[in-house]
There are 2 protein chains.
Amino acid sequence: MTERKLAILQIAQRLFMEKGYTATSVRDIAKSAGVEPASLYSHINGKEELLDRTCFEMAEKFLTGIEEVNDIYFDAAQKLKMAVDTHVNILTNHIEAAVVFQRDWRHLNEVRRSEFIELRNAYEDGFRVIVQNGIDEGIFSDVDVKFAALTILSSLNWIVEWYDPNGKLSASEIAANLFNFTFTGLKK
Amino acid sequence: MTERKLAILQIAQRLFMEKGYTATSVRDIAKSAGVEPASLYSHINGKEELLDRTCFEMAEKFLTGIEEVNDIYFDAAQKLKMAVDTHVNILTNHIEAAVVFQRDWRHLNEVRRSEFIELRNAYEDGFRVIVQNGIDEGIFSDVDVKFAALTILSSLNWIVEWYDPNGKLSASEIAANLFNFTFTGLKK
DNA sequence: TGTCATAACGAACATTCGTTAGGCAAAAAT
DNA sequence: ATTTTTGCCTAACGAATGTTCGTTATGACA
């Protein structure tokens, strides 16, 4: 990906975050890039490519993260800590892309949307594995695994709605708080 | 509000839920209502009215709920239980409107968006009061109040992303699970 | 010097957008 | 029985949508 193309992608992500994918026009993006609308098409295939790249690049980051955690660590408490940490880090380090990833994946075309949902399910599965591990190890209480994983992910995902890079809580503080909260909610 | 107007509003809410406010056209709504686009304007002032009503009617429901809880109950644990219960009930009983309320309030016009955010803050404040009560009563551990309230609300709000009226978990089971999880995460 | 790739341009494309105007038939109110 | 209201219609509006077109200036490389 060219430097210029990357710059355009980032501009688009910022606008998508601010106004949403559908409400952001190609002309908006062009204006922010200081270029005529038609000129964008020297770099991209179309508006949807910008959404597609954003969603799938983020999905890959998340998925790689959870796979590493489940590969490397053994103890469920450690795994949970690392998974939360990784999630919060990816999210806060790419906040614009993360917001788009969370909110606008619905506007992918049918085929890509299906693929996206599969990746998302795989990621959720990674968290279910952790919860199940904890139960098997006897350190988590015997909760509904699916529900617990979903609730943890709720807290993690909602961060995009309030995270402020200049706010008083740093990414690692947020991660620590969230691990503490979810772990206490789970442990026996 | 006329019967017909209410029907149109509900049709719009279903479509807004499925495709998002911006991606739903007046023609889509008209088609679903079995009517020509122009005919809708006998009943509504414009597309935005449908979004506006949805957002503010839901906001009022939530706000009334939390105010009642904080008025009636005394003990923080009871309050939390009732607040979670009320939230889950409003949400599951009006799932289409709830989804729109969650996702599309950003597309309100500037003035109404500000008003909406104020209501939302007031609601969050209601939860902060509960957490603070619990700390003062000595039954909750000494957490960051703002952060805790936000995390609880994350779990509650994320329900709209996965709730299935025909799923295996009923609204009251969801509420019970969520209270259990958040309460355990908070208590000393 | 001639050839090619890059990145931009202005103009235009067909389509869709939310909305308005004006009329017409049936139902409700007087 | 006459008037008014209701609910819908067809037709059209101006604006905005994503995208394609042919062209051009620039600069690297042969």
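Given the structure is predicted, the values throughout are model-derived calculations rather than measurements.

**Student:** Please clarify how the overall build of chain A should be interpreted in this entry.
**Tutor:** Across its full length, chain A carries eight helices and zero strands. Counted from the first residue to the last, chain A has its helices and strands arranged as α-α-α-α-α-α-α-α. Structurally, chain A occupies a C-alpha span of about 60 × 40 × 25 Å along its principal axes. Residues counted as buried form 50% of the 188 residues belonging to chain A. Long-range pairs, those at least 24 residues apart, make up 69% of the contacts in chain A between residues at least 6 apart in sequence. Summed over its atoms, the accessible surface of chain A is roughly 8900 Å², and 49% of this surface lies on carbon and sulfur atoms.

**Student:** Mind showing me how you'd approach empty space enclosed by the protein here?
**Tutor:** Picture a little ball the size of a water molecule; that probe, rolled over the atoms, points out where space is still empty. In this structure the tally under the stated criterion is five cavities of 30 Å³ or more. What the largest cavity holds in volume is close to 450 Å³. Contributing to the lining of the largest cavity are 33 residues, with R103 and D104 of chain A together with R103, D104 and R106 of chain B lying nearest its centre. Listing elements by their share of the lining of the largest cavity, those giving two or more residues are α1 (3-19), α5 (95-103) and α7 (145-162) of chain A together with α1 (3-19), α5 (95-103) and α7 (145-162) of chain B. Classifying every residue of the lining of the largest cavity by side-chain character gives 13 nonpolar, nine polar and 11 charged.

**Student:** I'm lost on the pattern of salt bridges in this one. Help?
**Tutor:** Between side chains of opposite charge, pairing is possible as soon as their charged atoms come close. Summed over all chains, the structure comprises 24 salt bridges over all chains. Salt-bridge contacts for R53 of chain B lead to E49 of chain B; the nearest nitrogen and oxygen are separated by 2.9 Å. Here E49 of chain B and R53 of chain B lie together in helix α3 (residues 47-72), a separation of four residues that amounts to about one turn. Of the residues examined, R53 of chain B reaches a relative accessible area of 28% and is grouped as partly exposed. Here the residues in one salt-bridge network are K5, E49, R53 and E57 of chain A, joined through shared partners.

**Student:** Would you explain the protein's contact with DNA strand C in this entry?
**Tutor:** In the vicinity of DNA strand C, 16 residues are found, and the nearest of them are E36, S39 and H43 of chain A together with V26 and Y41 of chain B. The sugar-phosphate share of atoms of DNA strand C within 4 Å of the protein amounts to 54%. Within the contact set of DNA strand C, a phosphate oxygen lies 2.5 Å away from a side-chain nitrogen or oxygen of H43 of chain A. A distance of 2.8 Å is found between a phosphate oxygen of DNA strand C and a backbone nitrogen or oxygen belonging to K47 of chain B. Of the residues that constitute the surface near DNA strand C, the class distribution is five nonpolar, six polar and five charged.

About the thresholds
Residues numbered from 1 in each chain as written. Chains lettered and ligands numbered in written order. Predicted model: local features only at pLDDT ≥ 70, side-chain atom pairs only at ≥ 80, totals over all residues. Heavy atoms only, no water. Helix = DSSP H or I, 4+ residues; strand = E, 2+ residues; numbered from the N terminus. Buried < 20%, exposed > 50% of the residue type's maximum accessible area, 1.4 Å probe, protein only. Contact = heavy atoms within 4.5 Å. Areas by Shrake-Rupley, 256 points an atom, 1.4 Å probe, with all protein chains shown as cover. 1 Å grid on protein atoms, 1.4 Å probe; cavity = no way out; pocket = protein on both sides within 12 Å on 5 of 7 lines; lining within 4 Å. Points joined across faces, edges and corners; volume = space filled by probe spheres on them. Nonpolar A, V, L, I, M, F, W, Y, C, P; charged D, E, K, R; others polar. Salt bridge = Lys/Arg side-chain N within 4 Å of Asp/Glu carboxyl O. Near = heavy atom within 4 Å. Polar contact = N/O pair within 3.5 Å; in protein donor to acceptor, adjacent residues only side chain to side chain.

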